[in-house]
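# Tertiary structure, described
So you can see what is in the structure, the chains are spelled out below.
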Protein chains: 2
Amino acid sequence: MIKLHDYELSGSCHKVRLLLGFLQTEYEKRPVDFVSKQHKSAEYLGINPFGELPILEDGDLTLRDAQAILVYLASKYDAGRLWYPVDPQAQGRIQQWLSTGGGEIMNASAARLVKGLNYPLDLERLHAGAHRAFAILDTHLKDRNFLELGRPTIADIACFPYAALAWEGGIDISGYHNMIAWIGRVKNLPNFTGMPGM
Amino acid sequence: MIKLHDYELSGSCHKVRLLLGFLQTEYEKRPVDFVSKQHKSAEYLGINPFGELPILEDGDLTLRDAQAILVYLASKYDAGRLWYPVDPQAQGRIQQWLSTGGGEIMNASAARLVKGLNYPLDLERLHAGAHRAFAILDTHLKDRNFLELGRPTIADIACFPYAALAWEGGIDISGYHNMIAWIGRVKNLPNFTGMPGM
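Since the model is a prediction, treat every value here as computed from it, not as a measurement.

## Quick look at the relation of the copies chain B and chain A
Least-squares fitting of chain B to chain A yields an RMSD of 0.0 Å, with the superposition described by an axial translation of 0.0 Å and a rotation of 180 degrees. When the rotation and shift are considered jointly, the pair of chain copies conforms to a two-fold rotation axis. The residues that chain B uses at the interface reappear at the interface of chain A in 100% of cases, marking a shared surface.

Spelled out as structure tokens, the structure:
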């Protein structure tokens, strides 16, 4: 059985929960106490030296990084290969948004840690970074229903949670009409998994 | 013919040059004047709204992000699929380091921009981030010749340039013996492409 080391309020963990939900793949959650920094304990640093969640275990495979876990699960457990097709051009297009979802959009994640858990980070700079990413996402979605291929892929999953949770970091997304419509489309997909704050 | 919008001194562009060299795939360089910020011009923001290099064009496909370009090229132009195998577990393992190469290791890239081009960034913080990533890389390489699969893949390419160029950002890597040995192994691969500073 797949094991997900998981923190309920983590948008990165939610990426994995979303895909497993869409694929209707069974898994077992191993809750990690993020607030008391259990993911920075010696036990967890032994599994993932980066000290981050999520972590996936499947048989003797252990994977860190939400995007790596999405690539693995969508390659292994989606028989129709809809979420991460094998075509080189499709994989390249999707990878652009895996990088953005694990990169620029994480400014919105960090802003949420400042607002919710008082992390000592520069909120103004994080807001500027998040707005820059969301403005690009919004423009990209002007004439598209989903980020690539005209249908939902792991590109959308990698970018969705911290867009949908941005308000918790004090980021006003009300001007990003195309992004808001896209958030709605993702939420309306069959077998969508919700989380607190969405 | 593949077109690479390229800046000679960019480690991110070098990732793409490295793979194209290893694959012995012909391409055409379109030099971009990074110092005068040509990549932030209206023309380039039209191609890549993130205002970053490299950008690849291949027929009617345009891709931004070094990692996305590596995934595409290694899927399309490596008939033996050695650099990015189709196996789900291999792709997941490699993706971990694509995320790290485009993520934590970019602290070393930013430090280089501070030292070389006087970018107004917090050098101390960048050094700390780079050292954190390199220490993990070094430990990971303790009993491995390459990052995953026991042989060179795009995981190595994504992490290599800013490790090999770290000294230009004032980062002392002399204590990372396993990482230094790995840098040497990558440099000794057939059809390795060098760049100034390496």
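So much for the structure itself; the text now carries on.
## Considering the interface of chain B and chain A
In this complex, chain B contributes 25 residues to the contact, which on the side of chain A involves 25 residues. Looking at the side of chain B that touches chain A, the elements that each hand over two or more residues are β4 (61–64), α3 (66–76), α4 (88–102) and α6 (123–140) of chain B. For the side of chain B that touches chain A, the leading source of residues is α4(B), giving 8 residues. Across the side of chain B that touches chain A, the residue classes tally to 11 nonpolar, 11 polar and 3 charged.

## Structural notes on the packing of helix α3 (residues 66–76) of chain A against α4(B)
Packing of α3(A) against α4(B) leaves a shortest axis separation of 8 Å and a crossing angle of 165 degrees. By the angle class used here, α3(A) and α4(B) are roughly antiparallel. Judged by the twist between their axes, the crossing of α3(A) over α4(B) is right-handed. Here A:Q67, A:A68, A:I69, A:V71, A:Y72, A:S75 and A:K76 of α3(A) lie close against α4(B), whose contacting residues are B:P88, B:Q89, B:Q91, B:G92, B:Q95, B:Q96 and B:S99.

## A few points about the packing of α3(B) against helix α7 (residues 154–164) of chain B
All names here are of chain B. For the pair α3 and α7, interaxial distance at closest approach is 10 Å and the crossing angle is 150 degrees. What the angle tells us is that α3 and α7 run roughly antiparallel. Relative to α7, α3 is oriented so that their crossing is right-handed. Only I154, I157 and A158 of α7 make contact with α3, whose side of the interface consists of Q67, L70, V71 and A74. Looking at the contact of α3 with α7 residue by residue, the classes come out as 6 nonpolar, 1 polar and no charged.

## With respect to the sheet that holds strand β2 (residues 27–31) of chain A
Whenever strands of a sheet pair, they do so through backbone hydrogen bonds, lying parallel or antiparallel. Residues and elements named next belong to chain A. The sheet built from 4 strands is open, its strands ordered β2-β1-β3-β4 with mixed pairing. The two strands at the open ends of the sheet, each matched to only one other strand, are β2 and β4 (61–64). In this sheet, neighbouring strand axes are inclined to one another by 20 degrees on average, regardless of whether the strands run parallel or antiparallel.

## What about the pairing of β2(A)?
All names here are of chain A. Sheet analysis places strand β1 (residues 2–6) next to β2, joined by 5 bridges and oriented parallel. Directly across from H5, in β2, lies its bridge partner R30. Where the polypeptide runs from β1 across helix α1 (residues 11–22) and back to β2, its parallel neighbour, the crossover connection is right-handed.

## So, unusual backbone geometry
Here the amide bond leading from A:L53 into A:P54 is cis, since omega sits at 0 degrees, within 30 degrees of zero. Mapped onto the secondary structure, A:P54 falls in the loop between α2 (42–47) and β3 (55–58). One non-glycine residue with positive phi stands out, namely B:K37, at about 60 degrees. Mapped onto the elements of the fold, B:K37 is located in the loop between β2 (27–31) and α2 (42–47). For B:K37, a count of 11 C-beta atoms within 10 Å gives the class exposed. Residue B:L149 is not a glycine yet carries a positive backbone phi of 65 degrees. Of note, B:L149 is situated in the loop between α6 and α7.

## Remarks on the sheet that holds β4(B)
Residue and element names in this part refer to chain B. As summarised here, the arrangement of the 4 strands in space is β2-β1-β3-β4, forming an open sheet in which the pairing is mixed. Two strands in the sheet have a free side with no partner beyond their single neighbour: β2 and β4. Along the sheet, successive strands turn relative to each other by an average axial angle of 20 degrees, direction set aside. Pairing between strand β3 (residues 55–58) and β4: 4 bridges, direction antiparallel. For I55, the partnering residue across the bridge sits in β4 and is R64.

## So, the environment of B:I154
Residue and element names in this part refer to chain B. Looking at where I154 falls in the secondary structure, it is placed in helix α7. Taking the C-beta count within 10 Å as the criterion, I154 has 30 such neighbours and is therefore assigned buried. Placed 72 residues apart in sequence, I154 and L82 show a C-alpha to C-alpha distance of 9.2 Å. What I154 contacts, discounting residues up to four positions off in sequence, is L19, L70, V71, A74, W83, Y84, I94 and L98.

## Side note on helix α7 (residues 154–164) of chain A
Among the 11 residues that make up α7(A), 11 are buried, leaving the element largely enclosed by the rest of the structure. Structurally, α7(A) contributes buried residues whose contacts are with α1, α3, α4 (88–102), α5 (106–117), α6 (123–140) and α8 (177–187) of chain A.

## Some thoughts on the domain arrangement of chain A
Residues and elements named next belong to chain A. For chain A, the assigned domains read domain 1 (2–76) and domain 2 (88–187). Just the C-alpha atoms count here: the centres of domain 1 and domain 2 sit 20 Å apart. Taken together, the contact pairs 11 residues of domain 1 with 11 residues of domain 2. Sorting the residues of the side of domain 1 that touches domain 2 by element identifies α1 and α3 as the ones contributing at least two each. Of the residues assigned to the side of domain 1 that touches domain 2, the class counts are 7 nonpolar, 3 polar and 1 charged.

## Considering the pairing of β3(B)
Looking at chain direction, strand β1 (residues 2–6) of chain B and β3(B) are connected through 3 bridges and run antiparallel. Note that in β3(B) the partner of B:L4 across the bridge is B:L56.

Definitions and cut-offs
Residues numbered from 1 in each chain as written. Chains lettered and ligands numbered in written order. Predicted model: local features only at pLDDT ≥ 70, side-chain atom pairs only at ≥ 80, totals over all residues. Least-squares fit on C-alpha atoms with pLDDT ≥ 70 in both. Contact = placed C-beta atoms within 7 Å. Helix = DSSP H or I, 4+ residues; strand = E, 2+ residues; numbered from the N terminus. Nonpolar A, V, L, I, M, F, W, Y, C, P; charged D, E, K, R; others polar. Axes fitted to C-alpha atoms, helices over the stretch in contact; angles between N-to-C directions. Parallel < 35°, antiparallel > 145°, perpendicular 65-115°, else oblique. Left-handed = near helix turned anticlockwise from the far one by under 90°. Pairing = 2+ DSSP bridges. Right-handed = clockwise from strand over helix to strand, strands pointing away. Buried ≥ 20, exposed ≤ 12 C-beta atoms within 10 Å, placed from the backbone. Domains from an automatic or database assignment.

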